[in-house]
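These are the residues of each chain, in order.
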Amino acid sequence: MIIAIDGPSGAGKSTVSDEVAKILGFSHLDTGAMFRAVAYGALKNGVDVSDEDGLAQIAENDKIVFETEDGNPAYKSILMAGEDITSQIRTDEVTKAVTPVCKHPKVREALLRQQREIGKSGNYILDGRDIGTVVFPDAELKIFLDASAEERAKRRVLQNEQSGVGSTDYDEVLADINRRDEEDSNRTVAPLRPAEDSVQLDSTLKSKQEVIDEIVRLAKEKQSENA
């Protein structure tokens, strides 16, 4: 079974996906982290974010691996070409670079092949921007998780404070979220939008646990229908 969770930056997709995966016994693939990995590789190797061929070469050749611990579907670390980049991909520099990286069709095609191959291997929750519309349009359950930009900025600041990575300036974070919303929604290739058959969840006034419980309920309903 494939569960697709899409939504804008800071909506809590990865955090919620980790918890839902644990409850259902699914694996979790954070596709946004894959694009961040390519952005990090570009910055590290001096490849301009406008260089589509150079970026595509990184996406094709530098293998991305999500390492997990036994019994826990949430990844504990991300490796790229053998390097642990778990913290490096969450810096402000990578956050600013990832949106232009995502625009390039050749990069998306390279990562799309990897995502589909991984998703075929079992029960998966995948989160990103275009999982339900492009990567797995036949996913059994599609969720579009959203929240107001202001609420997402608050959550991102708290997350950055806790992790010690990224900006903790609310106005700066809010401006970056609005910028990414605009660019993600208006890009030519795989723009951010809800799939027509998705369940849209606004988490602005919901707790994380309420969102998790709702997605688990919907997933179990689908499992019963397909039994």
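Check the entry above for the structure.
Residues numbered from 1 in each chain as written. Predicted model: local features only at pLDDT ≥ 70, side-chain atom pairs only at ≥ 80, totals over all residues. Heavy atoms only, no water.

**Q** For this particular structure, what's the right way to read the sheet that holds strand β3 (residues 64–69)?
**A** Backbone hydrogen bonds hold the strands of a sheet together, and the pairing may be parallel or antiparallel. Taken together, the three strands give an open sheet; going across it, the order is β3-β4-β5, and neighbouring strands pair in antiparallel fashion. On the outer flanks of this sheet lie β3 and β5 (83–84), each paired with one strand and no other. (Pairing = 2+ DSSP bridges. Helix = DSSP H or I, 4+ residues; strand = E, 2+ residues; numbered from the N terminus.)

**Q** Before we go on, may I ask you to explain the side chain of R187 in this structure?
**A** Tracing the chain through its elements places R187 in the loop between α8 (170–186) and β8 (199–202). With a relative accessible area of 7%, R187 lands in the buried category. From its side chain, R187 meets the backbone oxygen of A190 in a polar contact 2.8 Å long. Setting aside residues no more than four positions away along its own chain, R187 makes contact with C102, K103, R108 and R129. (Buried < 20%, exposed > 50% of the residue type's maximum accessible area, 1.4 Å probe, protein only. Polar contact = N/O pair within 3.5 Å; in protein donor to acceptor, adjacent residues only side chain to side chain. Contact = heavy atoms within 4.5 Å.)

**Q** Just checking my understanding: could you explain helix α9 (residues 208–226) for this structure?
**A** Residues lying three or four places apart along an α-helix face the same way, a consequence of the helix completing one turn every 3.6 residues. For α9, spanning 19 residues, the distance from its first C-alpha to its last is 27 Å, which sits close to the expected 27 Å at 1.5 Å a residue. Among the residues of α9, V211, I212, I215, V216, L218 and A219 are the ones counted as buried. On an axial view of α9, the arc spanned by its buried residues comes to 165°, and they lie on one face. Turned more than 90 degrees away from the buried face of α9 sit S224 and E225, all of them exposed. Buried residues belonging to α9 abut β1 (2–6), α1 (13–24), β7 (141–146) and β8. (Expected span 1.5 Å × (residues − 1). Arc of directions from axis to C-beta.)

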